[in-house]
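Residue-level structure breakdown
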Amino acid sequence: VQLQASGGGLVQAGGSLRVSCVVSGRTFTSGVMAWFRQAPGKEDNFVAAITWSGGRTSYEDSVKGRFTISREDAKNTVYLQMDGLKPEDTAVYYCAARPSSRVIPVYSQYYGYWGQGTLVTVSS
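This report concerns the structure included in the present document. Because the structure is predicted, anything quoted here is derived from the model rather than measured.

You can see Leu 17 is positioned in strand 3 (residues 17-24). Residues within four places of Leu 17 in sequence aside, it is in contact with Gly 7, Gly 8, Gly 9, Leu 80, Gln 81, Met 82, Leu 85 and Val 120.

So this is what it looks like as structure tokens:
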């Protein structure tokens, strides 16, 4: 299983960006896809997640109302639409997968598959 994240870049505060995560090598019909982020010198933090079955979502409080996670089953891809970006959103964003899970963990150790990360920089 491989996860390929892309779409990061430099954006001004208040702007928007969409990052993508393509899953290859396996088609998930259950389980959870999540986005985490890690700012320089800090630990990784849960951002958002979506279940493959049912499309149930979960968001970290600071991104609620600004970020939207979605999936496109035909492309085996998960997106994170980020609107109203703030400088504090600057981080490397990683996608992660936890197959065959009915709950949405918010701690990274529960996810077994990871993408390589994509850098999002928000300037003030």
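This brings us to the nonpolar core. Grouped together as the largest cluster of nonpolar side chains are 28 residues, with contacts concentrated most on Met 33, Trp 35, Leu 80, Met 82 and Tyr 93. Sorting the residues of this core by element identifies strand 1 (2-6), strand 3, strand 4 (32-38), strand 5 (45-51), strand 7 (67-72), strand 8 (77-82), strand 9 (91-98) and strand 11 (118-123) as the ones contributing at least two each. Listed in part, the eight residues of the second largest apolar core include Val 32, Phe 36, Ala 49 and Ile 104.

One can find Thr 77 in strand 8. A distance of 2.7 Å separates the side chain of Thr 77 from the backbone oxygen of Lys 75, its partner in a polar contact. Other than its neighbours up to four places away in sequence, Thr 77 contacts Ser 20, Cys 21, Val 22, Trp 52, Ser 70, Arg 71 and Glu 72.

Read across the sheet, four strands follow the order 1-3-8-7 without closing on themselves; strand pairing throughout is antiparallel. Whereas interior strands pair on both sides, the edge strands pair on one side only; in this sheet they are strand 1 and strand 7. Adjacent strand axes in the sheet meet at a mean angle of 15 degrees when their direction is disregarded. Pairing of strand 1 with strand 3 involves five bridges; the strand directions are antiparallel. Its bridge partner lying in strand 3, Gln 2 is registered against Ser 24.

Looking now at the pattern of salt bridges. Tallied over the entire structure, the rule returns four salt bridges. Of the charged contacts in the structure, one is a salt bridge between Arg 37 and Asp 89, with a shortest N-O distance of 2.9 Å. Of this pair, Arg 37 sits in strand 4 while Asp 89 sits in the loop between strand 8 and strand 9, and the two are 52 residues apart along the sequence. Between Asp 89 and Arg 66 there is a salt bridge whose closest N-O contact spans 2.7 Å. Separated by 23 residues along the polypeptide, Asp 89 in the loop between strand 8 and strand 9 and Arg 66 in the loop between strand 6 (57-59) and strand 7 bring together distant segments of the chain. A cluster of three or more residues bridged by salt bridges with shared partners is formed by Arg 37, Arg 66 and Asp 89.

Cut-off values and rules
Residues numbered from 1 in each chain as written. Predicted model: local features only at pLDDT ≥ 70, side-chain atom pairs only at ≥ 80, totals over all residues. Heavy atoms only, no water. Helix = DSSP H or I, 4+ residues; strand = E, 2+ residues; numbered from the N terminus. Contact = heavy atoms within 4.5 Å. Core = buried A, V, L, I, M, F, W, Y, C linked by side-chain atoms within 4.5 Å. Buried < 20%, exposed > 50% of the residue type's maximum accessible area, 1.4 Å probe, protein only. Polar contact = N/O pair within 3.5 Å; in protein donor to acceptor, adjacent residues only side chain to side chain. Pairing = 2+ DSSP bridges. Axes fitted to C-alpha atoms, helices over the stretch in contact; angles between N-to-C directions. Salt bridge = Lys/Arg side-chain N within 4 Å of Asp/Glu carboxyl O.

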